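Listed here are the chains, written in short residue letters.
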Amino acid sequence: ALLKFQERGSFATESNAVRALATGPDDRIYVAGETAVLVFDPDGTRQGEIPVKSEPSCLAVGGAEHVHPGRLYVGAGNRIYLFDSQTAMGTWTDGLTDKSVITSLAVAEEAVFAADAGNRVVLRFDPEGKRLGRIGEPDEARGVRGFVIPSAHFDVAVTADGLLRVVNPGARRIETFTAAGHLLGHWGNASAEIDGF
């Protein structure tokens, strides 16, 4: 009864180290690994390769509702690289430090969110790369404990309602924030059971 999905097919990526994958509004599949992002059609036919200056750790693609549909955002170390189709467009560094480790990216209509495991925050950017805020910093008055990140595994997602879901791995829970960074709640508990974290 717990099984909700069934494998319908697969294809070889030809990459020795797959780090992330995403789909674009054109249904193309983007696979990050080694020092490139490989692009495939839904049937697995390879359509191209986008070189990245360093090894990618995560990626996201602007959906149809994004201000730049199809724009590719790639996190690698302490940088975020932008690509329009297969053309390099630039690098974001605003708010990123030598300590930054970008582990996850999420795209909303007019914002991009980056999980920075090194600094234990989620960064909010406008679509042009200007940092708009830091989400999840400890704030006792607002009930925010801060993220506990014991390793470089820290994920963020934007849901259909525009809210952020952020994994707080050391606290064994998923936290819900508004796009402005207000904590709305959390769920999860430390357990080896199926419904645990």
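Just above, that's the structure.
Residues numbered from 1 in each chain as written. Predicted model: local features only at pLDDT ≥ 70, side-chain atom pairs only at ≥ 80, totals over all residues. Heavy atoms only, no water.

Peer 1: Break down the pairing of strand β14 (residues 164-168) for me, citing the residues and quoting the values.
Peer 2: With burial as the criterion, only one face of β14 is covered, namely that bearing Leu 164, Val 166 and Asn 168; the residues Arg 165 and Val 167 on the opposite face remain uncovered. Both strand β13 (residues 156-158) and β14 contribute to a ladder of three bridges, which runs antiparallel. Following the sheet pairing, Val 158 is matched in β14 by Leu 164. Where β13 hands over to β14, the hairpin turn is made up of five residues, of which Gly 162 adopts a positive phi near 85°. Sheet topology note: the β14/strand β15 (residues 173-177) ladder contains five bridges and is antiparallel. (Buried < 20%, exposed > 50% of the residue type's maximum accessible area, 1.4 Å probe, protein only. Helix = DSSP H or I, 4+ residues; strand = E, 2+ residues; numbered from the N terminus. Pairing = 2+ DSSP bridges.)

Peer 1: Tell me about the sheet that holds β13, and please be specific about residues and values.
Peer 2: The sheet built from four strands is open, its strands ordered β13-β14-β15-β16 with antiparallel pairing. The two strands at the open ends of the sheet, each matched to only one other strand, are β13 and β16 (183-187). Each strand of the sheet is rotated relative to its neighbour by a mean of 20°, with strand direction disregarded. (Axes fitted to C-alpha atoms, helices over the stretch in contact; angles between N-to-C directions.)

Peer 1: Let's hear about the sheet that holds strand β6 (residues 71-76): which residues, and what values?
Peer 2: Taken in spatial order, the four strands make up an open sheet running β5-β6-β7-β8, and their pairing is antiparallel. Two strands in the sheet have a free side with no partner beyond their single neighbour: β5 (58-61) and β8 (87-92). Along the sheet, successive strands turn relative to each other by an average axial angle of 20°, direction set aside. One ladder, built from six bridges, connects β6 with strand β7 (residues 79-84); its direction is antiparallel. Across the sheet, the residue bridging to Val 74 is Tyr 81, located in β7.

Peer 1: Can you lay out the side chain of Thr 176 for me, pointing to particular residues and giving the numbers?
Peer 2: Checked against the element boundaries, Thr 176 lands in strand β15. A relative accessible area of 12% means that Thr 176 is categorised as buried. When neighbours within four sequence positions are excluded, Thr 176 is seen to be in contact with Leu 163, Leu 164, Arg 165, His 182, Leu 183, Leu 184 and Gly 185. (Contact = heavy atoms within 4.5 Å.)

Peer 1: Break down the environment of Ala 117 for me, with residues and values.
Peer 2: Take Ala 117: it is sitting in the loop between β10 (112-116) and β11 (121-125). Judged by its relative accessible area of 9%, Ala 117 is buried. The sequence separation of Ala 117 and Val 101 amounts to 16 residues, and the corresponding C-alpha distance is 5.3 Å. Not counting residues within four places of it along the chain, the set of residues in contact with Ala 117 comprises Val 101, Thr 103, Ile 149, Ala 152 and Phe 154.

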